[in-house]
Amino acid sequence: MQHRRAGKLAVAWLLALLALTLAACGGGGSAPSTATLTPRPTATRTPTTTPAPLPSETPPPEPGATPEPTAQPLGSAQVIRSAGTSSMTVTLTFDAGADAGYTSQILDTLAANGIVAAFGITGAWAEDNPDLLRRIVNEGHALINHTYDHSSFTGLSTTRPPLSQAARWEQLDRTEAIVQQIAGASTLPYFRPPYGDYDDSVNADVGARGYRYNVMWAIDSFGWYGYEAPRIIEKVMNEVSPGAIVIMHVGSASQDGPALQRVIDSLEQRGYSFVPLTAIAPR
């Protein structure tokens, strides 16, 4: 009985050994293999790179982008409204195109405070007020060509057609000749457009005549609009900023002359001093 059981064990052991041998030799046996297969490595391709194009000097704007504004054409007048400074300074300017008004009072006030200003003079006003023009020049104030008869160069404020280049030049040249004849002075290189009306063509036309600066303003006192002195002072003080150019008027319809001393006092109390136009826009 023990011999028969031992024989069966021996046969079973031999059969198992035979199966393992066939599997190891790849002999097609059905016994599963316990070996771990390692996948064959695949080749790695190095990507080819295309060199980026060199940037152009002025790349085109992106779709929908707003291009940067272009500079004024060479020779055009430069528009100035302030000194472009952080210094606590102000430049006073006065337009003279109607009557003599408060011109003498304004000059007295400026002299008493040691302030040099600038006056926008029309040729017609200069003809009507030669003594005042000479006083303005003799006391060291700058002159601004304000045209001969205060015609709008663009017609914007007068609803008239714009003046031609020849007509604009005639306005400038006539005023300059009158100022030179009466006071031996020049309005160059300063121009101020009547009503503040100007465009690129105006800047180009006056620039071609030697007027390098279109003298605008940062603060309008609104004396010409009928503001009384207290309101003029309030408006100037509400709008003042470092380097600002202030426009006022000499005519009797404006209270700028009576308000001037209090404007000066208020500005000085706030820490402002006064610089001439020639300091911020050299001749």
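Going by the structure above, here's the rest.
Residues numbered from 1 in each chain as written. Predicted model: local features only at pLDDT ≥ 70, side-chain atom pairs only at ≥ 80, totals over all residues. Heavy atoms only, no water.

Draft legend 1. Inspection of the overall build of the protein at higher detail. Looking only at helices and strands, one finds nine helices and nine strands in the protein. For the protein, the share of sequence-separated contacts (at least 6 apart) that also reach a separation of at least 24 residues comes to 76%. For the protein, the accessible area works out to roughly 16,600 Å², and carbon and sulfur atoms hold 56% of it. (Helix = DSSP H or I, 4+ residues; strand = E, 2+ residues; numbered from the N terminus. Contact = heavy atoms within 4.5 Å. Areas by Shrake-Rupley, 256 points an atom, 1.4 Å probe, with all protein chains shown as cover.)

Draft legend 2. Here's a closer look at unusual backbone geometry. The step from L188 to P189 runs through a cis peptide bond, and the omega angle for that step is 5 degrees. Relative to the helices and strands, P189 resides in the loop between α5 (165-183) and β5 (190-191). Its identity as a non-glycine residue notwithstanding, T147 has a phi of 75 degrees, on the positive side. Note on placement: T147 falls in the loop between β4 (142-145) and α5. Residue classification places T147 among the buried residues on the basis of a relative accessible area of 0%. Of note in the backbone geometry, F222 takes a positive phi value of approximately 65 degrees without being a glycine. Along the chain, the position of F222 falls in the loop between β7 (219-220) and α7 (229-239). According to the relative accessible area criterion, F222 is partly exposed, its value standing at 24%. (Buried < 20%, exposed > 50% of the residue type's maximum accessible area, 1.4 Å probe, protein only.)

Draft legend 3. Broad picture of the nonpolar core. By size, the foremost hydrophobic cluster in this structure holds 42 residues, and its most contacted members are L92, F94, L110, F119, I121 and L267. In this structure I121 touches A96, A126, L133, I136, L143, I144, N145, H146, T147 and T175, once residues within four positions along its chain are discounted. One finds I80, A118, I144 and I245 within the second-largest nonpolar core, a separate group that totals 13 residues. (Core = buried A, V, L, I, M, F, W, Y, C linked by side-chain atoms within 4.5 Å.)

Draft legend 4. Quick peek at the environment of N145. Tracing the backbone shows N145 in strand β4. Note: C-alpha distance between N145 and S186 (41 residues apart in sequence) is 8.7 Å. Excluding residues that lie within four positions of it along the chain, N145 makes contacts with I121, Q171, L172, T175, E176, T187, Y190, F191, R192 and Y211.

Honestly, that's just the spatial picture; any functional story needs more than this.
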